[in-house]
Structures are given as C-alpha cells and as structure tokens.
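# An overview of the molecular structure
Single-letter residue listing:
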Amino acid sequence: DTEVTQTPKHLVMGMTNKKSLKCEQHMGHRAMYWYKQKAKKPPELMFVYSYEKLSINESVPSRFSPECPNSSLLNLHLHALQPEDSALYLCASSRGTPEQFFGPGTRLTVL
Amino acid sequence: DAKTTQPNSMESNEEEPVHLPCNHSTISGTDYIHWYRQLPSQGPEYVIHGLTSNVNNRMASLAIAEDRKSSTLILHRATLRDAAVYYCILTYNNNDMRFGAGTRLTVKP
C-alpha cells in the first residue's frame, strides 16, 4: 500500500458545525502533515506530526485542531469555521526524507 | 527562510525537453533544493531533490549552479501528462516544506 487516503472527498459545513477530516497511510511513515490550499495558490503548511507528536504548528487558529491517534492516522477537527476557511485540505506523510506522499485532499466549503 | 523565484508560466511542445528555472540567491549552505509538481486536481508529487551535485532520476534531472544560487529542473521529453504546476522549494528540514508560487507548465501537442 503506497498511498495516502483522505476522507471525505468533499465536505460542506455551516459555521456552527463540528466536523473532522481523516487521513490514513500504511507505509510505516512516522511524519504526517496537514496543508491548506486555496484556489490557484500553493499549499500552505499547517501542522507537522513527527512520531505522533506535534512538531510544527504554523500559528493556525484554534478552530483547527489536529490529532494523531496512532502512526497511521491523522485527523483534523474543525469547529466554528469561517467561509474564508473554504479550501482544499491536503494530508501528506513521509519517512522524514525529502519525499512526501500527498493524498488527493478534502475539498471543504464553509457556508 | 530563503526565497525562490520562478517564472509564473512556461510552455513547451510535446516530446521536446523542458528547462524550468529557479533562482535562490539567498540559499544557505544547509538548504537542499527540492522540486515538487502538482497535476490538475491532485495533491503535489515529489520530483527530485539535491544539494550541490546534479541529480538524475526516472522523472527528471536537476542541474544546480556551481554557486548554488540557481537551479534548473529538466524534463527530457515532455508529455501531455507533465502539464502541472512545478514548485521549487528550499529547506534543510525535510519536515518543513514551504511552497512558493511555482511555474505553471503547459505542454502543447
């Protein structure tokens, strides 16, 4: 298994909703990442987990809450989002080498 | 963070070589040069990386200037499938990738 899977593919939520994005990999990678990508812009790093511990948090608002329950799974919990948070959320994993493996992303729309 | 400068867009013809430039005049001695690409409607994909010497792999070649202030990603025979946004990234920490604006490559049949 050489892929990163993300669910759901699409998500529409209201500003008062709570939802979660899920990312999974079974490549034995110990580093996992969340990126946010707005339309026609490059991906922006949000969070990095290394060996299940948060190692980088790019000053992301607290309405985004990451969680790494085990080495294969990465969640992003969403609460009280704003319409400007609508974007493609990409998950990636790596062995700590330069090659990061990206999932297809979850396209989030906040109404 | 050291900054990279890439052309906004480039065009090439199918089956011809493509040279994608990246300027990084403020690169530090420990920064590696990484290239990723993002095909339409997909997540980014690793292409190649290097430090000082030129590098080749099955996807591309990376030519690094002797002073390391610029580099060039070379696709030896462009195909329609190579149409993508190509990102040049500098980092010494493999976990800390910061994507710049990139170059949108169009491949014409």
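Residues numbered from 1 in each chain as written. Chains lettered and ligands numbered in written order. Predicted model: local features only at pLDDT ≥ 70, side-chain atom pairs only at ≥ 80, totals over all residues. Heavy atoms only, no water.

## Some details on unusual backbone geometry
We apply this condition: A run of H or I in DSSP becomes a helix once it reaches four residues, and a run of E becomes a strand once it reaches two; helices and strands are each numbered from the N terminus.
Cis geometry marks the peptide bond from Thr7(A) to Pro8(A), where omega comes out at -10 degrees. By secondary structure assignment, the location of Pro8(A) is in the loop between β1 (4-7) and β2 (10-13). Backbone geometry at Glu15(B) places phi at a positive 70 degrees, although glycine is not the residue there. Mapping Glu15(B) onto the fold places it in the loop between β1 (9-13) and β2 (18-23). Not every positive phi belongs to a glycine, and Arg68(B) is a case in point at roughly 65 degrees.

## Remarks on the state of the cysteines
All names here are of chain A. Stated precisely, the cut-off is as follows: Counting rule for disulfides: a pair of cysteine sulfur atoms within 2.5 Å. When accessible area is computed with a 1.4 Å probe and restricted to protein chains, residues below 20% of their type maximum are described as buried, those above 50% as exposed, and intermediate ones as partly exposed.
Going through the model one piece at a time under the given rule, you end up with two disulfides over all chains. Shown here is the disulfide that connects Cys-23 with Cys-91, its sulfur atoms set 1.8 Å apart. Torsion about the S-S bond of the Cys-23 and Cys-91 cystine: about -70 degrees, corresponding to left-handed handedness. Remark: Cys-91 occurs in strand β9 (residues 87-94) and Cys-23 occurs in strand β3 (residues 18-25); sequence separation between them is 68 residues. By relative accessible area, which is 0% here, Cys-91 ends up buried.

All we've got here are geometric facts, nothing functional implied.
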